[in-house]
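The lines below spell out each chain.
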Amino acid sequence: MANVASTTASAGTEVTARALREAVFAGLITLGLFVLFVGLETDQNIRNELVLRQRWGLLAVFVAVATVGRFLIVAYVQPWLAQRKAARVAAPDIAKRESFFSRNFAKIAIVALVLYPPVILALVGVQGSLKWVDNFGIQILIYVMLAWGLNIVVGLAGLLDLGYVAFYAVGAYSYALLSSYFGLSFWVLLPIAGILAALWGVILGFPVLRLRGDYLAIVTLAFGEIIRLVLINWTEVTKGTFGVSGIAKATLFGIKFDASKDGFAALFGLPMSSAYYKIFLFYLILALALLTAFVTIRLRRMPIGRAWEALREDEIACRSLGINTTMTKLTAFATGAMFGGIAGSFFAVRQGFVSPESFVFLESAVILAIVVLGGMGSLTGIAIAAVVMVGGTEILRELTFLKVIFGPTFTPELYRMLIFGLAMVVVMVWKPRGFVGSREPTAFLHERKAISGSFTKEGHG
Amino acid sequence: MALETTTMTNDPILKVEHLSMRFGGLMAINDFSFEAARGEITALIGPNGAGKTTVFNCITGFYKPTMGMITMRQRSGGEFLLERLPDFEIAKRAKVARTFQNIRMFSGLTVLENLLVAQHNKLMLASGFTILGLLGFPAYRQASKESIEVAKHWLEMASLIDRADDPAGDLPYGAQRRLEIARAMCTGPELLCLDEPAAGLNPRESLALNDLLQTIRGETGTSILLIEHDMSVVMEISDHVVVLEYGQKISDGNPDYVKNDPKVIAAYLGVEDEEVEEVIEEIEEIESEQGGMTQ
Ligand SMILES: Nc1ncnc2c1ncn2[C@@H]1O[C@H](COP(=O)(O)OP(=O)(O)OP(=O)(O)O)[C@@H](O)[C@H]1O
Ligand SMILES: [Mg+2]
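Cut-off values and rules
Residues numbered from 1 in each chain as written. Chains lettered and ligands numbered in written order. Predicted model: local features only at pLDDT ≥ 70, side-chain atom pairs only at ≥ 80, totals over all residues. Heavy atoms only, no water. Helix = DSSP H or I, 4+ residues; strand = E, 2+ residues; numbered from the N terminus. Expected span 1.5 Å × (residues − 1). Buried < 20%, exposed > 50% of the residue type's maximum accessible area, 1.4 Å probe, protein only. Pairing = 2+ DSSP bridges. Axes fitted to C-alpha atoms, helices over the stretch in contact; angles between N-to-C directions. Contact = heavy atoms within 4.5 Å. Donors = N, O, S within 2.8 Å, 3.2 Å for Na, K, Ca; no water. Core = buried A, V, L, I, M, F, W, Y, C linked by side-chain atoms within 4.5 Å. Salt bridge = Lys/Arg side-chain N within 4 Å of Asp/Glu carboxyl O. Near = heavy atom within 4 Å. Polar contact = N/O pair within 3.5 Å; in protein donor to acceptor, adjacent residues only side chain to side chain. Areas by Shrake-Rupley, 256 points an atom, 1.4 Å probe, with all protein chains shown as cover. Nonpolar A, V, L, I, M, F, W, Y, C, P; charged D, E, K, R; others polar.

Student: Would you mind showing me how to read helix α5 (residues 165-182) of chain A here?
Tutor: Given 3.6 residues to a turn, an α-helix orients residues that are three or four positions apart in the same direction. Residues and elements named next belong to chain A. With 18 residues, α5 should reach 26 Å at 1.5 Å per residue; the first-to-last C-alpha distance of 25 Å fits that figure. Burial runs high along α5: 14 of the 18 residues are buried. One or two residues past the end of α5 sits glycine 183, with phi positive at roughly 65 degrees.

Student: I tried to follow the sheet that holds strand β1 (residues 12-23) of chain B on my own but got confused; where do I start?
Tutor: All names here are of chain B. As summarised here, the arrangement of the 4 strands in space is β2-β1-β4-β5, forming an open sheet in which the pairing is antiparallel. Strands with a single pairing partner mark the edges of an open sheet, and in this sheet they are β2 (26-37) and β5 (79-81). Going across the sheet, the axis of each strand differs from the next one's by a mean of 15 degrees, ignoring polarity. Where β1 lies against strand β4 (residues 67-73), 5 bridges are found, and the strand directions are antiparallel. Among the inter-strand pairings, valine 16 is bridged to a residue of β4, identified as isoleucine 70. Together, β1, β2 and β4 form the strand contacts of helix α2 (residues 52-59), whose direction differs from that of β1 by roughly 115 degrees.

Student: Explain the coordination of the magnesium ion (ligand 2) to me, please; I cannot follow it from the model alone.
Tutor: Working reference: metal with six octahedral donors, ideal angles 90 or 180 degrees; metal with four tetrahedral donors, ideal angle 109.5 degrees. Residues and elements named next belong to chain B. Thr53 (OG1) and Gln101 (OE1) make up the full set of protein donors to the magnesium ion (ligand 2), lying at 1.8 to 2.1 Å. On the criterion of sequence distance, the pair formed by threonine 53 in helix α2 and glutamine 101 in the loop between β6 (96-98) and α4 (111-117) is long-range, its members being 48 residues apart. Residue classification places threonine 53 among the partly exposed positions, given a relative accessible area of 25%. A relative accessible area of 33% places glutamine 101 in the partly exposed class.

Student: I tried to follow the nonpolar core on my own but got confused; where do I start?
Tutor: Counting 94 residues, the largest nonpolar core has Phe346(A), Val354(A) and Ile370(A) as the members making the most contacts within it. Per-element accounting of this core gives the leading share, 17 residues, to helix α4 (residues 105-156) of chain A. Excluding residues that lie within four positions of it along the chain, Val354(A) makes contacts with Ala172(A), Tyr173(A), Ala176(A), Gly243(A), Val244(A), Ile247(A), Phe347(A) and Ala348(A). Within the second largest apolar cluster, 57 residues are counted, among which are Ile103(B), Leu179(B), Met185(B) and Ile224(B).

Student: I tried to follow the pattern of salt bridges on my own but got confused; where do I start?
Tutor: It is possible for side chains bearing opposite charge to pair when their charged atoms get close. For the coordinates displayed, the defined rule picks out 20 salt bridges over all chains. Between Glu225(A) and Arg228(A) there is a salt bridge, with the nearest N and O atoms lying 2.9 Å from each other. Here the residue Glu225(A) and the residue Arg228(A) both occupy positions in helix α7 (residues 213-233), the gap between them amounting to 3 residues, near one helical turn. Given a relative accessible area of 26%, Glu225(A) falls into the partly exposed group. A residue is classified by how much of its surface remains accessible, and Arg228(A), at 18% relative accessible area, is buried. Note that Asp11(B) and Arg38(B) form a salt bridge whose closest N and O atoms lie 2.9 Å from each other. Of the two residues, Asp11(B) sits in the loop between α1 (2-10) and β1 while Arg38(B) sits in the loop between β2 and β3 (41-45), which places them 27 residues apart along the sequence. One salt-bridge network, in which partners are shared between bridges, spans Asp11(B), Arg38(B), Arg73(B), Glu79(B) and Glu190(B).

Student: When you look at the pairing of strand β9 (residues 240-245) of chain B in this model, what are you seeing that I'm missing?
Tutor: Residue and element names in this part refer to chain B. In terms of residue burial, β9 counts as a mostly covered element, since 5 of its 6 residues are buried. For β3 and β9, the ladder comprises 4 bridges, and the chain directions are parallel. From the neighbouring strand, threonine 42 faces β9, where its bridge partner is histidine 240. What sits between β9 and strand β10 (residues 248-253) in their antiparallel hairpin is a turn of 2 residues, with tyrosine 246 showing a positive phi close to 45 degrees.

Student: Is there a simple way to explain the sheet that holds β3(B) in this structure?
Tutor: Adjacent strands of a sheet pair through backbone hydrogen bonds, lying either parallel or antiparallel. Residue and element names in this part refer to chain B. Taken in spatial order, the 6 strands of this open sheet run β6-β7-β8-β3-β9-β10, and their pairing is mixed. Whereas interior strands pair on both sides, the edge strands pair on one side only; in this sheet they are β6 and β10. Here the strands of the sheet are splayed against their neighbours by 15 degrees on average, with no regard to which way each runs. Sheet topology places strand β7 (residues 191-195) next to strand β8 (residues 223-227); 5 bridges connect them, and they run parallel. Within β8, the residue paired with leucine 191 across the bridge is serine 223. Taken strand by strand, helix α8 (residues 173-185) contacts β6 and β7, and its axis lies near 160 degrees from that of β7.

Student: Which parts of the structure should I look at to understand the site of ligand 1?
Tutor: Residue and element names in this part refer to chain B. What surrounds ligand 1 is a group of 14 residues, the closest being Asn48, Lys52, Thr53, Thr54 and Gln101. Within the backbone of alanine 50, a nitrogen or oxygen atom sits 3.2 Å from an oxygen atom of ligand 1. In the complex, the protein chains occlude 65% of the 630 Å² of accessible area that ligand 1 would expose alone. The set of elements that each furnish at least two residues to the shell around ligand 1 consists of β2 and α2. Sorting elements by how many residues they give to the shell around ligand 1 places α2 first, with 3 residues. The class makeup of the residues in the shell around ligand 1 is 5 nonpolar, 7 polar and 2 charged.

Dropping the structure here:
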């Protein structure tokens, strides 16, 4: 007994010593890396001369964070993880009883989303709710819908599409142009935008889908850029970089959201506020996103959905079973594009303004990142990833206290991409298959068992 | 046996005529002709690299042959020139199903889902090309139930019913081979092409495979074209054997005939033509000894 105790004690001191050593190393490396980036800042004074400002305090914060962080990781987090792993190996077949929460996650999430606007209204009042409903609610839901749409192409059919934002642009411009030139209403144009985007999906798909893997990715990337460049240069129609402004708002059964006598606020005897329009838009995008999810779930149980997933697993085997793989890929492309287009027309109606700047490659990359982080194919995982990624960057704006540490010129939004990248690396190390790595089977004989992500393939075309 | 050989030429399900396939400078198949009779098990054998898989790929449309004609005649009398059809049409319309030498499964789908994917075209029609199905028409629900019954039947035949809800990638090797055959059968083929189905199986699994193939032929009347290295399988179950070497046919007949064909023996043992006679003598000696022992 004494023996065991002494060995664990010596192991403990050994770990602490190692942690101290590594902490010092990490601190030194951080110092070396950041001494020029953070410690010194170039600036211009009033006479336009370059001056060096010294920020040793900030540098000290960086080094301290790295040192303490490394110490904590080596001394406490790593042993704790190892212990947990050992415990799990020791007791592998404790049946995983799903809690009530995780079983009914989708239902709870939907109820929470429906209750979200009234709760916010009650908590922070009409004007205060604007930010929470618009920046957090609508913004996140747009990305959820886009990512669910892209999920059909990338997650189910396994076709790597780097130009998804092109369909978003087609939808947005379809609404913007058709409503300003022909005065068609939002409700008419919503499906039309979807159909037009799907059509573009097919037009792009025909020449491109015989390509596979990296080639497909590059061509779709180029297609996204082509659409953006057309929007910039076709100035007679799209007004180029100025964009289309003054896009008509959506109406609720003909009721307008404006200050007129028969507007929404007047009709219900409420004080005039743009918050009601935002809340209406919130429910609209919620409904559209849920429609996307519903259709995806239904399609997965249809022969076409199974063919998409089979295509992701093995294209040659698909053909040997009589599946027309070109048509199957085209339908995946068109369906994904359609939801992108619908989301695009919603985007146009929400902003009231569209310009090519909203449809840069970065948007495609963010949507793809959400799909990959969430776990390809999993609707729940993707929704969580969208909340984390988009909500996270919105929260960055709120972190004004960081200015106290990093100085008054610090703008946290600028570090958005840095944090995005960091989050992706962390998640991919921790869960290589995304938040929800397992796959739900679409049919079963005896019992429904989730399929571990290690069996599913990512597709190669 | 001799009688069967004559009936088979009367009603061939598959007729391959003057098939040639060239890869650059390599003539992988050279003027190869044979017939597979309806309702029989035809084996295609030959040393490594003889071109057997290439013949399969030509029949099932994965390669377009340089020359030659491949005719598939269905029970209903419909004829298809396979060299002109795209690969998926060969499975869909000509009703030729195949398996692969290196197993190709949908490893992330469950065993049951694998079999449902195989019934794609049937279900696609029933679901009105997805639209009626999406709207919840009952015709699709009915067809979907039936497709599960078909899958269940083949799962039982391949003794995979206990693993129906497991991912296909989780099955042991032998079970994956059986799954691939069951999946091919779910397309409702008239001709089933199997590329080395017994490769990597242990003797017990190999026996079970023989039974499965016999039942398939007996129950559904599906004709089978089989590539095989395992001679015990070939001799046991096939009605007709075609031997290929360096892309050319060197022998064609019933198993007993082929087994004793000097050219085949030479090809398998890798001897020069002059030595063939000696080899045959040796083999005959050995066989007579064995015969004496069993008696
Ligand atoms: N796509 C291809 N391109 C070039 N050469 C090929 C191709 N496919 C097959 N070959 C060549 O054709 C010849 C026949 O190959 P094939 O795979 O048909 O042999 P096989 O009889 O199936 O052999 P095994 O018993 O090893 O499976 C080989 O020399 C092979 O290298
Ligand atoms: Mg082969």
